[in-house]
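Inside the fold
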Amino acid sequence: MFQGFYDLTSTMVTQNRNMNIISNNMSNVSTPGYKSDDLMVSTFREELIYRYDRQGKAPVGTVSRMALVDERVTDYTEGALRETGGSLDVALSGNGFFTIQTSNGTVYTRNGSFNLDNQGYLILQGFGRVMGVNGPIQLPTDKVSIDRNGNITSADGRQYYGTLQVVDFADYNQLTKISGGMFRAGGQAQAAQGTFVTQEYIEDSNVSMVDEMTSMMSGQRALQSAAQVLRMYDQLTSRMSQIGSAV
């Protein structure tokens, strides 16, 4: 019976963490380039169950004990491209990330909703400067043309300003999500292959609000059920203690 306390408590802790991930996904449904997360759950251990009858001891099967958080997995599926009409908005088609220089180092993102700072540098608002293949990109105007290879020129094509640095990684497990759609890499980046840039579009978040709402309702039910049963366990143990004291 007391094993139930561990099982139910672990379920509540796991579901609480799951609710946090789902809430974060839902809060970033409008964040360009955001990639949703899922919670992978495992068990602490499996126990072999036996039965005893006239023929003796026979195995029945296994039972899992204590649900535990295994890891958080990011879904890197591309989001839909949405037209904005902004000359500094760009979206990626294919694998890859834009490179952003921040005060805390280099980070990577699919968010191509760029702006210019007061010095004319191309920036991702709130994070840092957008990197080109030869360093930060500085523009004299926002009236520019960006081709599918990320080359930035004047609107008439006569002046070249730089090329967006689009990179990819051989193993996405080395990426760590730090904020919204931003990632920090634990390994070496490489030039993205077969990736194209589309101007005046941004990539929407790949979060499905319907799926997240369904997952949240399911998680809330599981959490409430575990809490109710845990309360029943507590009441039973209290009565057992009273009976023991009376005896």
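Up top you'll find the structure we're talking about.
Quick look at the structure, then. (Residues numbered from 1 in each chain as written. Predicted model: local features only at pLDDT ≥ 70, side-chain atom pairs only at ≥ 80, totals over all residues. Heavy atoms only, no water.)

1. As for the overall build of the chain
For the chain, the helix and strand inventory stands at two helices and 19 strands. Each of the 247 residues in the chain was classed as buried or not, and the buried ones make up 36%. Once local pairs closer than 6 in sequence are excluded, the contacts in the chain between residues at least 24 apart make up 63%. Carbon and sulfur atoms make up 47% of the accessible area of the chain, which amounts to about 14300 Å² in all. (Helix = DSSP H or I, 4+ residues; strand = E, 2+ residues; numbered from the N terminus. Buried < 20%, exposed > 50% of the residue type's maximum accessible area, 1.4 Å probe, protein only. Contact = heavy atoms within 4.5 Å. Areas by Shrake-Rupley, 256 points an atom, 1.4 Å probe, with all protein chains shown as cover.)

2. Side note on a nonpolar patch on the surface
A contiguous nonpolar surface patch, about 240 Å² in accessible area, is contributed by Met209, Met213 and Met217. Here Met213 lies in helix α2 (residues 209-246). (Patch = residues over 30% accessible without salt bridge, like charges linked within 9 Å, V, L, I, M, F, W, Y side chains within 5 Å. Salt bridge = Lys/Arg side-chain N within 4 Å of Asp/Glu carboxyl O.)

3. Things to note about the packing of aromatic side chains
Counted according to the given criterion, the structure contains eight aromatic pairs. With a centroid separation of 5.0 Å and an interplanar angle of 85 degrees, the aromatic rings of Tyr108 and Phe169 are classed as edge-to-face. Pair noted here: Tyr108 is in strand β6 (residues 105-109) and Phe169 is in the loop between β14 (166-168) and β15 (175-179), with a separation of 61 residues, a long-range link. With respect to class, Tyr108 is no different from Phe169; both count as buried. Each residue in the set Tyr76, Phe97, Tyr108, Phe169, Tyr172 and Phe183 is aromatic and connected to the rest through ring pairs, giving one cluster. In this structure, Arg129 packs its charged tip against the face of Tyr121, placed 3.7 Å from the ring centre. The ring of Phe196 has Arg148 lying over it, and the distance from NZ or CZ to the ring centre is 3.8 Å. (Phe/Tyr/Trp six-rings, centres within 6.5 Å; stacked < 30°, edge-to-face > 60°. Lys NZ or Arg CZ within 6 Å of the ring centre and 35° of its normal.)

4. Comments concerning the layout of surface pockets
Empty space among the atoms becomes visible once a probe the size of a water molecule is rolled across them. A volume near 250 Å³ is recorded for the largest pocket. In this structure, the largest pocket is lined by Asp37, Glu71, Arg72, Val73, Thr74, Tyr76, Tyr172, Asn173, Leu175, Thr176, Lys177 and Phe183. When contributions to the lining of the largest pocket are tallied by element, the ones reaching two or more residues are β2 (56-74) and β15. For the lining of the largest pocket, the element with the most residues is β2, which contributes four residues. Looking at the lining of the largest pocket residue by residue, the class counts come to five nonpolar, three polar and four charged. Within this model, the second largest pocket holds a volume of roughly 210 Å³. (1 Å grid on protein atoms, 1.4 Å probe; cavity = no way out; pocket = protein on both sides within 12 Å on 5 of 7 lines; lining within 4 Å. Points joined across faces, edges and corners; volume = space filled by probe spheres on them. Nonpolar A, V, L, I, M, F, W, Y, C, P; charged D, E, K, R; others polar.)

5. Considerations on the pattern of salt bridges
As enumerated under the stated definition, the model contains seven salt bridges in all. Two residues, Glu78 and Arg110, come together in a salt bridge whose shortest N-O distance is 3.9 Å. Taken together, the residues Glu78 in the loop between β2 and β3 (81-83) and Arg110 in the loop between β6 and β7 (115-116) connect sequence positions 32 residues apart. When its relative accessible area of 39% is taken as the criterion, Glu78 is described as partly exposed. Given the relative accessible area of 4%, Arg110 is considered buried. Between Arg129 and Asp117 there is a salt bridge, and its shortest N-O distance comes to 3.8 Å. Separated by twelve residues along the polypeptide, Arg129 in strand β9 (residues 128-132) and Asp117 in the loop between β7 and β8 (122-124) bring together distant segments of the chain. A residue is classified by how much of its surface remains accessible, and Arg129, at 25% relative accessible area, is partly exposed. Taken together, the shared-partner salt bridges connect Lys35, Glu78, Arg110 and Glu203 into one network.

6. Brief notes about unusual backbone geometry
Here the phi dihedral of Glu200 falls at roughly 70 degrees; this positive angle occurs in a residue that is not glycine. With respect to the element layout, Glu200 can be found in the loop between β18 (196-199) and β19 (201-203). Residue classification places Glu200 among the partly exposed positions, given a relative accessible area of 31%.

7. Details of the pairing of strand β5 (residues 97-102)
Each regular strand displays side chains that alternate between the two surfaces of the sheet. Among the six residues in β5, five count as buried, and that is most of the element. Alignment of β5 against β14, held across two bridges, turns out to be antiparallel. Bridging across to β14, Phe98 finds its partner in Val166. In the sheet, β5 pairs with β6 via five bridges, with the strands oriented antiparallel. Across the sheet, Thr99 pairs through a bridge with Tyr108, a residue of β6. Connecting β5 to the next strand, β6, in antiparallel fashion are two residues. Pairing of β5 with β9, which is carried by two bridges, proceeds in the antiparallel orientation. By the bridge assignment for β9, Gln101 is matched with Arg129. (Pairing = 2+ DSSP bridges.)

On their own, these measurements won't tell you what the molecule is for.
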